[in-house]
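Commentary on secondary and tertiary structure
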Amino acid sequence: MQINAEQTENYQADILVVDDTPDNLRLLIRILQKNGYKVRPVTNGFSAIDAIQSSPPDLILLDIMMPDIDGYELCQRLKSEPQYREIPIIFLSALEEGINKAKAFEVGGADYITKPFQVKEVLARVSNQLTVRSLQMQLQEKNQKLTRQNVQLHQEIAERRQVEMETTLLLKATQAISKSEDFESAIDVILGLIGKTIEWNLGEAWIPCSEGVVKSATNRYVSDLSFAAFRQTSWQLTFAPGVGLPGRIWQSQQSEWIEDVSTAPDQLFLRSEIAAAVGLKAAFGVPILADNQVLAILIFYREKALPCQPRLLELVSAVATQLGSLIQRKQAEAALKLQQEQTEKLLLNILPKPIAERLQKEQKLIADHFDDVSVLFADLVGFTEFSAQKTPTQLVEILNGIFSEFDRLSELHGLEKIKTIGDAYMVVGGLPTPREDHSEAIALLALDMQAALRRFNVKIGENFQLRIGLHSGSVVAGIIGISKFSYDLWGDTVNIASRMESNGLPGKIQVTAATYERLKEQFVFEERGQIPIKGKGNMLTYWLIEEQSKYF
């Protein structure tokens, strides 16, 4: 918008007229006011300065020849002040006085008008300068607007880059943490990731330990080997709660920023001298928390003093929070895994592995029929009388030693221990995983159990004997019970094997004819003959002596 009366209805250009001749003032006032301008007349330079300082005009008409301050000097003064420098000045001079045009323009004048005044000339030159001034103001306004827009654009770009950086860091941190196998490896990755992303020079981690102090972890990030000397001092230090930057963060559980550690007092930062030597200045630290406990403190350093940056603290704290969540998750996973392992171990102690796996998956009644298995029953002869002479602890210790060796032998031969009942021991071969040589394996176990007991007798100075019975045939196997469940066998084969044991003799292994027929080519037997078996009448039985290879 041009600042002149002809083109502006609502705005009157403000013109300051400076002339010590009243007639000239009156004439200029009349010409200018008649054409819609606002005119402020003054008669000397000092009054002009007061008027300008009170309210800067849009244009100044300035007489050259004045008694106190001439026009040239006043113009120079105004042009030396930034707030008045852009106000256009038209010099006024009588023809007979002459005007030094070069000097007028040199001191900053924009134009000149000679006396006596010509109305058209005055109006033309005034209008021209006001138009130029208006255009200059418009240009300045546009420039200022463009500058503001440019600054805003740069701010938006910087903000966008900052957001992208933060988003990228959080995303990469999440991915790195999720892939980490443990807390230590996660810290190592995160130190480097944060240090490179925020462009700081050194990162270290401090871990609380059982001695009641925080120690420097081996994990670290260093952008340049010149900072290695500072890092080496960290490995030699420990901090108590509230002492040093790590100790204060540990105690307060709050982030902390130090603008310049190289000049910080010892009570604020203990390693200021070495920091100054290697060129480190700004530092900040954040805690890694889980269940309101500090798991570690992350501290970063930069070779430039910086005031606190809350947004950066929030960003790194967000990553630290993810690390804390990782620890909680890992701890929960470890606890669950331990619980699962304990459960599986407990199940394997009372159930065959395939049955335990089925029970965990199916969670329903398990009952299977097996056409061909071999069952062993063994009983420690005279153990009841022996137990009356021992303390409970001694009794359990001896029985545990014997049965533990039997367990080892059963596992060695690939057989399944079913249960112990007092001083009796029950084993089966051929289930839950069928095998063709179950009769041979059960016979070898019986012989090994006799040999193991003889060795045990020598060791403890006793004379225990085993009475063992074997039989082969079909059984039903399954789980009984709801809470204290067990895997057990039922059927005629089980009953007969039990009768072979109970009707046997101490130190002997008694087998049925069915088992004998299976094993007579591999083992040495001695026929016992017909013996009465409850519920079965007379049965032909044999004594298992040893393997056939040993006989020859």
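To be clear, the structure that these remarks concern was listed above.
1. Quick look at the pairing of strand β5 (residues 111-115)
Counting buried positions along β5 gives five out of five residues, so the element sits mostly inside the fold. Residues Asp-111, Ile-113 and Lys-115 of β5 are buried on one face, and the alternating residues Tyr-112 and Thr-114, pointing to the opposite face, are buried as well. One ladder, built from five bridges, connects strand β4 (residues 89-94) with β5; its direction is parallel. Paired with Ser-93 across the two strands is Thr-114, which belongs to β5.

2. Focus: a nonpolar patch on the surface
Among the surface-exposed residues, Val-476, Ile-480 and Trp-490 lie close enough to one another that they form a single nonpolar patch of about 230 Å² accessible area. Residue placement: Val-476 occurs in strand β15 (residues 465-480). Classification of Val-476 by relative accessible area gives partly exposed; the value is 36%.

3. Focus: unusual backbone geometry
Pro-116 follows Lys-115 through a cis peptide bond whose omega is -5°. In this chain, Leu-431 is followed by Pro-432 through a cis amide linkage whose omega measures 0°. Tracing the chain through its elements places Pro-432 in the loop between β14 (424-429) and α14 (438-460). For Glu-199, which is not glycine, the phi torsion reads 60° and is therefore positive. By the element assignment, Glu-199 lies in the loop between α6 (183-198) and β6 (202-208). Exposure remark for Glu-199: the relative accessible area of 58% places this residue in the exposed category.

4. Some remarks on the side chain of Glu-256
Within the element layout of this structure, Glu-256 appears in strand β9 (residues 256-258). With a relative accessible area of 19%, Glu-256 lands in the buried category. Within the local environment of Glu-256, its side chain forms a polar contact with the side chain of Arg-248, the two groups lying 2.7 Å apart. Contacts of Glu-256, omitting those with residues within four sequence positions, involve Leu-245, Arg-248, Ile-249, Leu-268, Ala-283, Phe-284 and Gly-285.

5. Concerning the nonpolar core
Across soluble globular proteins, nonpolar side chains have a tendency to be buried as a group. Core analysis: the largest hydrophobic core is formed by 37 residues, its most contacted members being Leu-376, Leu-380, Ile-402, Met-449, Leu-470 and Leu-544. The element contributing the most residues to this core is α14, with eleven residues. Discounting chain neighbours no more than four positions away, the residues touching Leu-376 are Tyr-425, Met-426, Val-427, Ile-442, Leu-445, Ala-446, Met-449, Ile-468, Gly-469 and Leu-470. Listed in part, the 36 residues of the second largest apolar core include Ala-217, Ala-282, Leu-298 and Leu-326.

6. So, helix α1 (residues 22-34)
The first and last C-alpha atoms of α1 sit 18 Å apart over 13 residues, in line with the 18 Å expected at 1.5 Å per residue. Every buried residue of α1 is accounted for by Asn-24, Leu-25, Leu-28, Ile-29, Ile-31 and Leu-32. Those residues of α1 hidden inside the fold are in contact with β1 (14-18), β2 (38-42), β3 (59-63), β4, β5 and α5 (119-179).

7. Description of the sheet that holds β4
Taken in spatial order, the five strands of this open sheet run β2-β1-β3-β4-β5, and their pairing is parallel. Each edge of the open sheet carries a strand with a single partner, namely β2 and β5. Strand-to-strand twist across the sheet, computed as the mean angle between neighbouring axes with direction ignored, equals 20°. Where β1 meets β2, five bridges bridge the pair, whose relative direction is parallel. The partner of Val-17 across the bridge, within β2, is Pro-41.

8. Re the layout of surface pockets
Estimated volume of the second largest pocket: approximately 340 Å³. Along its surface, the second largest pocket is lined by 17 residues, and Leu-447, Gln-450, Arg-454, Ile-545 and Glu-546 are the ones closest to its centre. Put simply, the parts of the chain that give the lining of the second largest pocket at least two residues each are α14 and β19 (537-547). Across the lining of the second largest pocket, the residue classes tally to seven nonpolar, three polar and seven charged.

Scoring rules and cut-offs
Residues numbered from 1 in each chain as written. Predicted model: local features only at pLDDT ≥ 70, side-chain atom pairs only at ≥ 80, totals over all residues. Heavy atoms only, no water. Buried < 20%, exposed > 50% of the residue type's maximum accessible area, 1.4 Å probe, protein only. Helix = DSSP H or I, 4+ residues; strand = E, 2+ residues; numbered from the N terminus. Pairing = 2+ DSSP bridges. Patch = residues over 30% accessible without salt bridge, like charges linked within 9 Å, V, L, I, M, F, W, Y side chains within 5 Å. Areas by Shrake-Rupley, 256 points an atom, 1.4 Å probe, with all protein chains shown as cover. Salt bridge = Lys/Arg side-chain N within 4 Å of Asp/Glu carboxyl O. Polar contact = N/O pair within 3.5 Å; in protein donor to acceptor, adjacent residues only side chain to side chain. Contact = heavy atoms within 4.5 Å. Core = buried A, V, L, I, M, F, W, Y, C linked by side-chain atoms within 4.5 Å. Expected span 1.5 Å × (residues − 1). Axes fitted to C-alpha atoms, helices over the stretch in contact; angles between N-to-C directions. 1 Å grid on protein atoms, 1.4 Å probe; cavity = no way out; pocket = protein on both sides within 12 Å on 5 of 7 lines; lining within 4 Å. Points joined across faces, edges and corners; volume = space filled by probe spheres on them. Nonpolar A, V, L, I, M, F, W, Y, C, P; charged D, E, K, R; others polar.

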